[in-house]
Amino acid sequence: MRAALMKLIPTRWRPGTTVVPVVRLSGVIGAVTPLRPGMTLGGVAKTLERAFAVNDAKAVAVVINSPGGSPVQSRQIYLRIRQLAEEKKLPVLMFVEDVAASGGYMIACAGDEIFCDPSSILGSIGVVGSSFGFTELIKKIGVERRLYTSGEHKATLDPFLPENPDDVARLKAIQREIHGTFIELVKASRGARLKGTDDLLFTGEYWAGERAVALGLADAIGDLRSTLRARFGDKVVTPLIAPSSGFLAGLLGRKPGAGTLAALDGIAGMPDDLISALETRAIWAKFGF
């Protein structure tokens, strides 16, 4: 009779089980197209809060698979994970799938420990910006550029004007500031575990799993199931905390352009959406994916 009753109890509530909720964070950070919303704090906050609110959880596991993107969104997600971990007094175990690079690695640093596959890509601790120059093209097709601004630097790095060295210098200064913030975050998170020098770790280079572990960017090679079983026992339960879904969730929880009815307004913005999609693909392709 007791055995029969036990079968009626959800696995996570049975005696002797340990609960470790799992959250998956995947995709380019901050980039948004109508059909493929990027990863933002607004998009993942509720999921993270639900994971850390699971009763009797012993830890929270986060699976990260991202080539990076917006440094602001990356840091905000990092901060929210750390805030929740401190509020709930729960360790965070971070598991890297294909890539945790640039902003993806920044989020990975929110883990108390980082695990990866031997073939995972980690690192790319740097800042990049890109644009195009169309000055020669518009000359060839006979287009006259007309630009009216109020403010000396309002047209900084306009792709239809010749590149201005002063504009480039200002951009690089901003990039150095953002890079410095990134470096400070990594050092604060990884501390003495970092084994490489600054001129190795923070050049934007990236490494496969084993080398990343040797440099202290990750703690060990390991997959989620094996690692959690080794740490919490064979009865560990790992419920996946998924984002809310459904029609109302789509209307109420997503920003315009992220697959909602507002995406129907995107006809005029299709060229921008195409460029965004190509940029997203290029970010993944940089790491061979």
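Quantities reported herein were computed from a predicted structural model and do not represent experimental measurements. (Residues numbered from 1 in each chain as written. Predicted model: local features only at pLDDT ≥ 70, side-chain atom pairs only at ≥ 80, totals over all residues. Heavy atoms only, no water.)

## A word on the overall build of the protein
Logical step 1: The helix and strand inventory of the protein stands at 11 helices and nine strands.
Logical step 2: Across the 289 residues in the protein, those meeting the buried criterion constitute 38%.
Logical step 3: Counted over contacts in the protein with a minimum sequence separation of 6, partners at least 24 positions apart contribute 72%. (Helix = DSSP H or I, 4+ residues; strand = E, 2+ residues; numbered from the N terminus. Buried < 20%, exposed > 50% of the residue type's maximum accessible area, 1.4 Å probe, protein only. Contact = heavy atoms within 4.5 Å.)

## What about unusual backbone geometry?
Logical step 1: You will see that Asp56, though not glycine, has its phi angle at about 65°, which is positive.
Logical step 2: Relative to the assigned elements, Asp56 resides in the loop between helix H2 (41–52) and strand E3 (60–66).
Logical step 3: According to the relative accessible area criterion, Asp56 is exposed, its value standing at 66%.
Logical step 4: The residue Ser124 is not glycine, and still its phi comes out positive at about 55°.
Logical step 5: Take Ser124: it is sitting in the loop between strand E6 (121–123) and helix H5 (135–140).
Logical step 6: On the basis of relative accessible area, Ser124 is assigned to the buried category, the value being 5%.

## Quick word on helix H6 (residues 165–190)
Logical step 1: Taking 1.5 Å per residue as the helical rise, H6 with its 26 residues ought to reach 38 Å, and the 37 Å between its terminal C-alpha atoms agrees with that figure.
Logical step 2: Along H6, the residues that are buried comprise Asp167, Gln175, His179, Phe182, Ile183, Leu185, Val186, Ser189 and Arg190.
Logical step 3: Residues of H6 that are buried sit in contact with helix H3 (71–88), helix H4 (103–108) and strand E5 (113–116).
Logical step 4: Just beyond H6, the residue with positive phi is Gly191, at close to 55°. (Expected span 1.5 Å × (residues − 1).)

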